[in-house]
Amino acid sequence: MHIVIVEDDPRIRDFLQRGLTAEGHRVESFSEGQPALVHLVQTARQPVSSPLPVVILDRLLPDIGGLEVCRSLRTAGVDCPVLMLTALDSVEDRVSGLDAGADDYLIKPFAFEELLARLGALARRHARPGMAEPQRRLRVGELELDRDQRRVTRAGRAIELTPKELAILELLMASPGKLFSRERILASVWGSSEDPLTNVVNVYIRRLRRKLDDGHPGGSLITTQRGFGYRLEAPPEAHR
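Residues numbered from 1 in each chain as written. Predicted model: local features only at pLDDT ≥ 70, side-chain atom pairs only at ≥ 80, totals over all residues. Heavy atoms only, no water.

Observations concerning the overall build of the protein chain
Along its length, the protein chain carries eight helices and 11 strands. Here the contacts in the protein chain between residues at least 6 apart in sequence split such that 58% fall between residues at least 24 apart. Split by element, the accessible area of the protein chain, about 12,200 Å² in all, is 50% carbon and sulfur. (Helix = DSSP H or I, 4+ residues; strand = E, 2+ residues; numbered from the N terminus. Contact = heavy atoms within 4.5 Å. Areas by Shrake-Rupley, 256 points an atom, 1.4 Å probe, with all protein chains shown as cover.)

Digging into a negative patch on the surface
Taken together, the side chains of Asp8, Glu32, Asp63 and Glu68 present a region of like negative charge at the surface. For Glu32, the location among the structural elements is in the loop between strand S2 (26-30) and helix H2 (33-44). Using a relative accessible area of 34% as the deciding quantity, one classes Glu32 as partly exposed. (Patch = residues over 30% accessible without salt bridge, like charges linked within 9 Å, V, L, I, M, F, W, Y side chains within 5 Å. Salt bridge = Lys/Arg side-chain N within 4 Å of Asp/Glu carboxyl O. Lys, Arg positive; Asp, Glu negative; His and termini not counted. Charge placed at Lys NZ, Arg CZ, Asp CG, Glu CD. Buried < 20%, exposed > 50% of the residue type's maximum accessible area, 1.4 Å probe, protein only.)

Focus on the packing of helix H6 (residues 163-173) against helix H7 (residues 182-189)
Two numbers describe how H6 lies on H7: the axes approach to 10 Å, and their chain directions differ by 125 degrees. By the angle class used here, H6 and H7 are oblique. Crossing hand, H6 versus H7: right-handed. Here H6 contributes Lys164, Ala167, Ile168 and Leu171 to the contact with H7, which in turn contributes Ile185, Ser188 and Val189. Across the contact of H6 with H7, the residue classes break down as five nonpolar, one polar and one charged. (Axes fitted to C-alpha atoms, helices over the stretch in contact; angles between N-to-C directions. Parallel < 35°, antiparallel > 145°, perpendicular 65-115°, else oblique. Left-handed = near helix turned anticlockwise from the far one by under 90°. Nonpolar A, V, L, I, M, F, W, Y, C, P; charged D, E, K, R; others polar.)

A closer look at the sheet that holds strand S8 (residues 151-154)
The four strands are arranged S6-S7-S8-S9 in an open sheet whose pairing can be described as antiparallel. For this open sheet the edge positions go to strand S6 (137-140) and strand S9 (157-159), each flanked by a neighbour on one side alone. Within this sheet the neighbouring strands show an average axis-to-axis angle of 25 degrees, counted without direction. Bridge count between S6 and strand S7 (residues 143-146): four bridges; the pairing is antiparallel. (Pairing = 2+ DSSP bridges.)

Looking at the packing of aromatic side chains
All chains considered together, the criterion is met by one aromatic pair. Its end group placed over the ring of Tyr204, Arg207 keeps NZ or CZ at 5.0 Å from the ring centre. (Phe/Tyr/Trp six-rings, centres within 6.5 Å; stacked < 30°, edge-to-face > 60°. Lys NZ or Arg CZ within 6 Å of the ring centre and 35° of its normal.)

What to know about the pattern of salt bridges
A side chain of one charge can pair with a side chain of the opposite charge if their charged atoms are brought near each other. Counted by the stated rule, this structure contains 14 salt bridges. As a salt-bridge pair, Arg137 and Asp146 come within 3.1 Å of each other at their nearest N and O atoms. The salt bridge partner of Arg154 is Asp213, with a shortest N-O separation of 3.2 Å. Here Arg154, found in strand S8, pairs with Asp213, found in helix H8 (residues 200-213); they are 59 residues apart in sequence, far enough to count as distant. By relative accessible area, Arg154 is classed as buried at 3%. On the basis of relative accessible area, Asp213 is assigned to the buried category, the value being 16%. Taken together, the salt bridges that share partners define one network made up of Arg137, Arg139, Glu144 and Asp146.

Structure follows, in structure tokens:
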């Protein structure tokens, strides 16, 4: 996805920039509303083959507020999806954000996993004609993940996973063979809510590996490169 972040808090902005870039997305960020508004209007006027950016929009900005940015986008005919990210959590705040033209509303503090899911849903709903549909089924050897049904099977056998285990698996399966550091997995799945010194990633990888490999003597799908991280790939016999 092409994602535009409009957030004046440097800590949150940098966290989002790093986490979303690590997920493979093209990310731009702004600390004020006016320059972001100009950029988004210009981007929307590019050829139709260009993907619409998904906007993460803070409501409280130092120059013009997020509500004004959103209203101005819609007045200008810009139909890019907007996720309003704010600490204002009353019903009236959410209603006013949606009335201003936002497509979704997420309250701070937030889980990075939920943010990713909401951005993906917005991008799918707003895809321009002719743009490629995102891959709804991921397959690595005998392992398959149905993203819509949130269902995992290996050689036809259903595997029950917790939401966190599923999020880790989806991250690894989306780029088979790619090495993911422990820090990247932590940022992608737990976001800023988890202490970076925790061993929670190691614990969940062990659980996930045990569930995926149970009853399959051909070798583990998730391998560890000590000191660097984890990767998921089909065992050698699956390539024969």
